[in-house]
Amino acid sequence: MTYAFITTGTKDFMLTLLKKFSTENLKFLRHRDHALLYHETTKKTIFQAPRRYEIIEKTGEFPDKGLAVLHYIPVVDEFRPVFEYRMKNRPKHLNTTPGFLTSRTLRPLQSNTYLIITCWENRLHYESSKITDKIMESLGEEKSIEINQVKMYAGPSYIREYTIGIKDDTEEA
């Protein structure tokens, strides 16, 4: 099994951990007001109190730079098998989308909130993919993974965008 661990903190503290554990498979992700470290491993994590996930689906290697979009989806316990089945068997349109780099579907080990991560070359490619999604929906493609939204979800989902890698604040994602 491969696991993903995420810890959050200030940019400076996350950079300190990144340097301290330079031999680990860590990725630095930066948001406006905080940063996080993403750790993929088959062993124990180096973090003291991370959010813990099992990787149930992945494409490609996690990039060293670009844009990461983290989609948090709280799922009611009884619908977890259905949710996972639908995620694994959904159409794989993203894999051929220009600018798409990789994805991860993460099963929570301590909560009910799944995490879907998609990584992009830059924000322009990500924004273009959302336009393509709308076109596909208008053609009748089923994009939804839920069977009954009211019962399947334990609360609203939300999205956070992060710049992957260490770079100057003046650079664009």
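Structure's up top.
Note that the structure is predicted; figures quoted are calculated from it, not measured.

### Focus: the overall build of the protein chain
Right, so step 1: Looking only at helices and strands, the protein chain has four helices and eight strands in total.
Right, so step 2: When the elements of the protein chain are put in sequence order from the N terminus, they spell out β-α-β-β-β-β-α-β-β-α-α-β.
Right, so step 3: Residues counted as buried form 45% of the 173 residues belonging to the protein chain.
Right, so step 4: Look at the contacts in the protein chain between residues 6 or more apart in sequence, and 74% of them connect residues 24 or more apart.
Right, so step 5: Here the protein chain displays about 10,000 Å² of accessible surface, and carbon together with sulfur accounts for 51% of that area.

### Here's the deal with the side chain of H39
Right, so step 1: One can find H39 in strand β3 (residues 35-41).
Right, so step 2: A residue is classified by how much of its surface remains accessible, and H39, at 0% relative accessible area, is buried.
Right, so step 3: A distance of 3.0 Å separates polar atoms of two side chains, one belonging to H39 and the other to T45.
Right, so step 4: Every residue in contact with H39, bar those within four places of it in the chain, is listed here: Y3, A4, F5, E24, N25, L26, K44, T45, I46 and F47.

### Topic: helix α2 (residues 80-88)
One turn of the α-helix equals 3.6 residues, which is why residues spaced by three or four share an orientation.
Right, so step 1: All buried positions along α2 are accounted for by R80, F83, E84 and M87. For α2, the arc enclosing every buried residue in end-on projection is 95 degrees, short of the 170-degree limit, so these residues lie on one face. Turned more than 90 degrees from where α2 packs its buried face, P81 and Y85 sit exposed.

### Here's the deal with the sheet that holds strand β4 (residues 51-59)
Right, so step 1: Ordered in space as β1-β3-β2-β8-β5-β7-β6-β4, the eight strands form a closed barrel in which the pairing is antiparallel. Strand-to-strand twist of the sheet, defined as the mean angle between neighbouring strand axes without regard to direction, takes the value 35 degrees.
Right, so step 2: Here strand β1 (residues 3-9) pairs with β4 via four bridges, running antiparallel. Paired with Y3 across the bridge in β4 is E54.
Right, so step 3: Where helix α1 (residues 11-20) meets the sheet, its contacts fall on β1, β2 (26-30) and β3, and the angle it forms with β2 comes to roughly 170 degrees.

### What to know about the pattern of salt bridges
Two side chains carrying opposite charge are able to pair once their charged atoms lie near each other.
Right, so step 1: By the definition in use, this model includes seven salt bridges.
Right, so step 2: Put simply, E40 and K58 hold a salt bridge, and the shortest N to O gap is 3.5 Å. A residue pair is termed long-range when its members are at least 10 positions apart, and E40 in strand β3 and K58 in strand β4 qualify at 18 residues.
Right, so step 3: Judged by its relative accessible area of 37%, K58 falls in the partly exposed class.
Right, so step 4: One salt-bridge network, in which partners are shared between bridges, spans E40, K58 and R104.

Definitions and limits used
- Residues numbered from 1 in each chain as written.
- Predicted model: local features only at pLDDT ≥ 70, side-chain atom pairs only at ≥ 80, totals over all residues.
- Heavy atoms only, no water.
- Helix = DSSP H or I, 4+ residues; strand = E, 2+ residues; numbered from the N terminus.
- Buried < 20%, exposed > 50% of the residue type's maximum accessible area, 1.4 Å probe, protein only.
- Contact = heavy atoms within 4.5 Å.
- Areas by Shrake-Rupley, 256 points an atom, 1.4 Å probe, with all protein chains shown as cover.
- Polar contact = N/O pair within 3.5 Å; in protein donor to acceptor, adjacent residues only side chain to side chain.
- Arc of directions from axis to C-beta.
- Pairing = 2+ DSSP bridges.
- Axes fitted to C-alpha atoms, helices over the stretch in contact; angles between N-to-C directions.
- Salt bridge = Lys/Arg side-chain N within 4 Å of Asp/Glu carboxyl O.

Interpretation note: all reported values are geometric properties and have no functional meaning in isolation.
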